[in-house]
Amino acid sequence: MAQTSAVAPSWNSLLDDLRRQRAEIALGGGQTAIARQHEKQRLTARERIAELIDSGTQFFELGRWAAWGLYSEWGGAPSASVICGIGQVSNRTCMVIANDSTVKAGAFFPMTVKKVLRAQRIALENRLPLLYLVDSSGVFLPLQDEIFPDEDDFGRIFRNNAVISAAGVPQIAAIMGNCVAGGGYLPVLCDKLLMTDGSGLYLAGPALVKSAIGQEVSHEDLGGAQMHAAISGTIDFREPNDSACLQRLKNLVGMLPPDICAPCFLPDVAGEASRAAIELLQIVSPNAQQQYELRDVLQCLLDAGSFQEYKPEYGRTLICGYGRIGGFRVGIVGNQHHPEKTPAKGLQFGGVIYDDGADKAARFILDCNQSWLPIIFLLDVNGFMVGRDSEQGGIIRAGAKLVNVISNSRVPKLTVILGGSYGAGNYALCGKAFDPRFIVAWPTARYAVMGAQQAAATLLDIHIAALKRAGKTPEAEEFADMRKKVTASYNEQTDVRHAAARGWVDEIIEPAETRNALITMLKVVTRTADNRPLTTGVIQV
């Protein structure tokens, strides 16, 4: 086993930054906007969620970093102006989607749509009741062309409302502020609809109605709670304020069926990990060049004594095995992150996928499907091995086999990115494109086609070749400056916050939070089983 040391100071700095930025995101539109919401006698989105979920339970937030660093020309959109996540409400696990009206009146940006669609997908796949806390002015008009028309844009949310309802997944909406224009379809497409006094539900507000048809009408007559309760009959419950509305919502959730677990996934008695979660900060360095032993990481994640390694002497840079996390039986696929000497292949580099490792992992994933074991992927991958020996060994064929079985896997997949997630390694180990039920990342995670140094060298070679064709040769100082700029730009793009801002990961977690996060996710993904037969189509052998 690899030797561990005290927590690296760089971890402390990295985690301090993460916590500070989380706190910044939690402020939404800022203290002034929060005060304006309170002046209206309304709670903020995060206050509503805190009041809604069961006392003593935790809210597992998803998409917290959405839109991080984006839309700066419009003043930014923290958390994409909507809070999404999973929480316990009346002892039922629910997906909560809450518009944050402190951010541009809860307007929908392109990333807002993407985030809501992701939350709806998670809810549908796992049959989670959906609770919408509505307080939005609708589409952010300056960006309407990026929000309105396409199959993965604003209208898809309402299409999903209808499909989710048809699938029998409960949806309840509570309007506690604005609900304007096309956004009005969302709550009305839900099973039950609550609304507070002072809120508005209409396709066009008073000013637009006057402009369009010359009719002068008050806010209440046009779309107030009393009108919709007594005249249009659109809402089911009219409540005086946020707190009463949230209490009614909790009571209604309490009428839903209790949480379930598919029989094939029923957990065993939960155990404790053999090593404390905080020890991950000793085992894994924030420095990507430092080696570590993945089996030590597993001791912090799995129930003590539960790990059974699969083919431990073969394909050694990919570790596969069976274990339990909080009593849930799982399969593990992860990258070993130090060199391994093998009898047949010689020295193999950690973090690299070789043909024998890909063959092993593909067969293991098929077995997990046969045994109804959710699969957890632990990524710290540089990519596939290249070169003559690797190509002659069939690396493309083995990689294609691995991609095939992951793509057609019927059991839930969870992905945790510990470090690098580069190139085809991202694909072969269940990156976002391969439908993990959840995908989370440590702050050390990196997303890219290749590492920064390799990319910088490649991009510089291309740029210099173009300059030479134009009859120019850069001086050494100019060349060094170019390398510095290219590397800095690439490093910024590979930072996990860049990925999280665009929805490529659901959450950035601290290493010590990993085991608890996995248990939370396993409770969700084991609610239902995909009973279709396991098929792979044509597969390379």
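Refer to the structure above for everything that follows.
Residues numbered from 1 in each chain as written. Predicted model: local features only at pLDDT ≥ 70, side-chain atom pairs only at ≥ 80, totals over all residues. Heavy atoms only, no water.

## Examining the overall build of the protein chain
So, step 1. When its secondary structure is counted, the protein chain shows 20 helices and 20 strands.
So, step 2. Taking 541 residues into account, the globule formula puts the C-alpha radius of gyration at 24 Å, and the protein chain, at 25 Å, falls close to it.
So, step 3. Once the C-alpha set of the protein chain is aligned to its principal axes, its extents read approximately 80 × 65 × 50 Å.
So, step 4. Counting all 541 residues of the protein chain, 53% fall into the buried class.
So, step 5. Contacts in the protein chain between residues far apart in sequence, at least 24 positions, make up 74% of those at least 6 positions apart.
So, step 6. Counting only carbon and sulfur atoms, one obtains 53% of the accessible surface of the protein chain, whose full area is about 23600 Å².
So, step 7. For the protein chain, the distance from the average position of its 53 positive side-chain charges to the average position of its 56 negative side-chain charges is 4 Å. (Helix = DSSP H or I, 4+ residues; strand = E, 2+ residues; numbered from the N terminus. Rg over C-alpha atoms; globule rule 2.2 N^0.38 Å. Buried < 20%, exposed > 50% of the residue type's maximum accessible area, 1.4 Å probe, protein only. Contact = heavy atoms within 4.5 Å. Areas by Shrake-Rupley, 256 points an atom, 1.4 Å probe, with all protein chains shown as cover. Lys, Arg positive; Asp, Glu negative; His and termini not counted. Charge placed at Lys NZ, Arg CZ, Asp CG, Glu CD.)

## Considerations on a nonpolar patch on the surface
So, step 1. On the surface, a cluster of nonpolar side chains totalling about 300 Å² of accessible area is made up of Tyr185, Leu189 and Leu203.
So, step 2. Within the secondary structure, tyrosine 185 sits in helix H6 (residues 185–188).
So, step 3. For tyrosine 185, a relative accessible area of 46% translates into the label partly exposed. (Patch = residues over 30% accessible without salt bridge, like charges linked within 9 Å, V, L, I, M, F, W, Y side chains within 5 Å. Salt bridge = Lys/Arg side-chain N within 4 Å of Asp/Glu carboxyl O.)

## Regarding the pairing of strand E10 (residues 318–325)
So, step 1. In terms of residue burial, E10 counts as a mostly covered element, since six of its eight residues are buried.
So, step 2. In this structure, strand E9 (residues 308–310) lies alongside E10, joined through three bridges in antiparallel fashion. Across the sheet, the residue bridging to tyrosine 310 is cysteine 320, located in E10.
So, step 3. Across eight bridges, the pairing between E10 and strand E11 (residues 328–335) is antiparallel. Each residue of the ladder has a partner; that of tyrosine 322, found in E11, is glycine 331.
So, step 4. Where E10 folds back onto E11 in an antiparallel hairpin, the turn is made up of two residues, including glycine 326, whose phi is positive at roughly 60°. (Pairing = 2+ DSSP bridges.)

## Side note on the packing of aromatic side chains
So, step 1. The final tally for this structure, using the stated rule, is 15 aromatic pairs.
So, step 2. Here the aromatic rings of phenylalanine 154 and phenylalanine 158 are separated by 5.0 Å at their centres, their planes lie at 75°, and the arrangement is edge-to-face. Highlighted residues: phenylalanine 154 and phenylalanine 158, both in helix H5 (residues 154–166), separated by four residues, approximately one helical turn.
So, step 3. Since its relative accessible area comes to 13%, phenylalanine 158 is described here as buried.
So, step 4. By way of ring pairs, the aromatic residues Tyr71, Trp74, Phe109 and Phe140 are connected into one cluster. (Phe/Tyr/Trp six-rings, centres within 6.5 Å; stacked < 30°, edge-to-face > 60°.)

## With respect to the environment of lysine 345
So, step 1. By the element assignment, lysine 345 lies in the loop between strand E12 (340–342) and strand E13 (346–348).
So, step 2. Dropping the residues within four chain positions of it, lysine 345 is found in contact with Asp355 and Asp356.

## With respect to the environment of valine 180
So, step 1. Tracing the backbone shows valine 180 in strand E5 (residues 171–180).
So, step 2. Residues valine 180 and valine 139, spaced 41 residues apart in sequence, show a C-alpha to C-alpha distance of 9.1 Å.
So, step 3. Beyond its immediate stretch of four places on either side in the chain, valine 180 contacts Ser136, Ser137, Gly138 and Tyr202.

## What about the nonpolar core?
So, step 1. Counting residues in each nonpolar core, the largest one holds 123 residues, and the members touching the most others are Met95 and Leu402.
So, step 2. Residues in contact with leucine 402, not counting those within four places in the same chain, are Ala358, Ala361, Ala362, Ile365, Ala428 and Leu429.
So, step 3. In this structure, Leu133, Ala174, Leu194 and Val253 belong to the second largest nonpolar core, which totals 21 residues. (Core = buried A, V, L, I, M, F, W, Y, C linked by side-chain atoms within 4.5 Å.)

## Brief notes about the packing of helix H13 (residues 355–370) against helix H15 (residues 395–407)
So, step 1. Relative orientation of the contacting elements H13 and H15 amounts to 20°, with a least axis distance of 8 Å. By the angle class used here, H13 and H15 are roughly parallel. Regarding H13 and H15, the two cross each other, and that crossing is left-handed. Here H13 contributes Asp355, Ala358, Asp359, Ala361, Ala362, Ile365 and Leu366 to the contact with H15, which in turn contributes Ile395, Ala398, Gly399, Lys401, Leu402, Val405 and Ile406.
So, step 2. A breakdown of the residues in the contact of H13 with H15 according to their chemical character gives 10 nonpolar, one polar and three charged. (Axes fitted to C-alpha atoms, helices over the stretch in contact; angles between N-to-C directions. Parallel < 35°, antiparallel > 145°, perpendicular 65-115°, else oblique. Left-handed = near helix turned anticlockwise from the far one by under 90°. Nonpolar A, V, L, I, M, F, W, Y, C, P; charged D, E, K, R; others polar.)

## Overview of unusual backbone geometry
So, step 1. If you check the backbone angles, glutamine 41 has positive phi at about 65° while not being a glycine.
So, step 2. Along the chain, glutamine 41 falls in the loop between helix H2 (31–39) and helix H3 (45–52).
So, step 3. Owing to a relative accessible area of 65%, glutamine 41 belongs among the exposed residues under this scheme.
So, step 4. If you check the backbone angles, alanine 105 has positive phi at about 60° while not being a glycine.
So, step 5. Assignment of secondary structure puts alanine 105 in the loop between strand E3 (92–99) and helix H4 (110–126).

## Structural notes on the side chain of threonine 112
So, step 1. Positionally, threonine 112 belongs in helix H4.
So, step 2. Take threonine 112: its relative accessible area is 0%, and that puts it in the buried class.
So, step 3. A polar atom in the side chain of threonine 112 sits 3.4 Å from the side chain of serine 81. (Polar contact = N/O pair within 3.5 Å; in protein donor to acceptor, adjacent residues only side chain to side chain.)

## With respect to the pattern of salt bridges
So, step 1. Counted by the stated rule, this structure contains 28 salt bridges.
So, step 2. Linking aspartate 242 and arginine 48 is a salt bridge whose minimum nitrogen-to-oxygen distance equals 2.9 Å. Taken together, the residues span a long stretch of sequence, with aspartate 242 in helix H10 (residues 242–253) and arginine 48 in helix H3 at a distance of 194 residues.
So, step 3. Here aspartate 197 makes a salt bridge to arginine 238, at a shortest N to O gap of 2.7 Å.

## Quick notes on the state of the cysteines
So, step 1. Summed over the entire model, instances satisfying the criterion amount to zero disulfides.
So, step 2. Cysteine cysteine 190 remains unbridged, with the sulfur of cysteine 179 as its closest cysteine sulfur at 9.7 Å.
So, step 3. Among the residues examined, cysteine 190 registers a relative accessible area of 10% and is labelled buried.
So, step 4. For cysteine 368, which is in no disulfide, the shortest distance to another cysteine sulfur is to cysteine 320 and amounts to 8.1 Å. (Disulfide = S-S within 2.5 Å.)

## A short note on the side chain of serine 199
So, step 1. Relative to the helices and strands, serine 199 is located in the loop between strand E6 (192–196) and strand E7 (200–202).
So, step 2. Here glycine 177 takes part through its backbone nitrogen, which lies 2.8 Å from a polar atom of the side chain of serine 199.
So, step 3. Beyond its immediate sequence surroundings of up to four residues, serine 199 is in contact with Arg42, Ile175, Met176, Gly177, His219, Gly223, Gly224 and Ala225.

## Describing the environment of leucine 203
So, step 1. Within the element layout of this structure, leucine 203 appears in the loop between E7 and helix H7 (206–213).
So, step 2. On the basis of relative accessibility, which here comes to 55%, the residue leucine 203 falls in the exposed class.
So, step 3. Along the sequence, leucine 203 and glycine 183 sit 20 residues apart, while their C-alpha atoms lie 8.1 Å from each other.

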